[in-house]
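Okay, here's what each chain looks like letter by letter:
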Amino acid sequence: MTQATIPEYHFLYVAPSLGAEWLFDAGRVYWERFRPTVLSSLDFLRFVPADMSVAVTVIARRDTVAQIGVALAQVAPQARFDPVANDLFEEMERALEERAALNQPLGATAAGQLINPTPG
């Protein structure tokens with residue numbers, strides 16, 4: 001799946017350590033523009049057929065985003081990991097609103113990015 005390819009399934013996952021305001025306030029414009037399915041658990045991805053293209057946009061702080069990427073790869077190795085990592089609420093809101101304004105649902109760093117669940 002290339003950067004220009006629209007995935008068959010686009011999910012949005014907010015790190016469990018963040019409050020609901022990170023989705024409803026910081027991510028509101030992004031969600032309204034692209035309408036990804038919001039996940040409360042990565043385990044839901046086990047129900048997506050392996051031959052379907054999947055992208056998961058992850059809203060997380062910098063200290064937890066790598067852990068979430070590994071967890072995602074363990075659950076759905078075919079999924080494109082699309083992190084939006086910022087430590088401050090205002091930075092996250094700006095980053096997500098910029099994506100919406102640019103009509104860019106997936107970040108440039110997500111181009112074909114897959115995480116190895118067992119780095120070594």
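Before going into details, it helps to say that this report is about the structure given with it. (Residues numbered from 1 in each chain as written. Predicted model: local features only at pLDDT ≥ 70, side-chain atom pairs only at ≥ 80, totals over all residues. Heavy atoms only, no water.)

## Here we look at the sheet that holds strand 1 (residues 9-14)
Short version of the rule: Here, a strand pair is defined by DSSP locating no fewer than two bridges between the strands. Working definition: helices are DSSP H or I runs of at least four residues, strands are E runs of at least two. Numbering for both runs from the N terminus. Working convention: axes come from line fits to C-alpha atoms, limited for helices to the stretch in contact. Angles between N-to-C directions cover 0 to 180 degrees.
Spatial ordering of the open sheet is given by 2-1-3-4, a layout of 4 strands whose pairing is parallel. Edge strands, defined here as strands with exactly one partner in the open sheet, are strand 2 (37-39) and strand 4 (80-85). Pairs of neighbouring strands in the sheet enclose a mean axial angle of 25°, with direction left out of account. Examined bridge by bridge, strand 1 and strand 2 share 3 bridges and lie parallel to one another. Across the sheet, residue Leu12 finds its bridge partner in strand 2, namely Val38.

## As for unusual backbone geometry
To keep things clear, this is the line we draw: Any residue under 20% of the maximum accessible area for its type is buried, any over 50% is exposed, and the rest in between are partly exposed; the area is computed with a 1.4 Å probe on protein chains only.
Its identity as a non-glycine residue notwithstanding, Arg35 has a phi of 50°, on the positive side. Structurally, the position occupied by Arg35 is in the loop between helix 2 (28-34) and strand 2. Residue class for Arg35 comes out exposed when judged on its relative accessible area of 53%. Positive phi is not limited to glycine here, since Asn103 has a value of about 55°. Along the chain, Asn103 falls in the segment after helix 4 (89-101). For Asn103, a relative accessible area of 46% corresponds to the partly exposed category.

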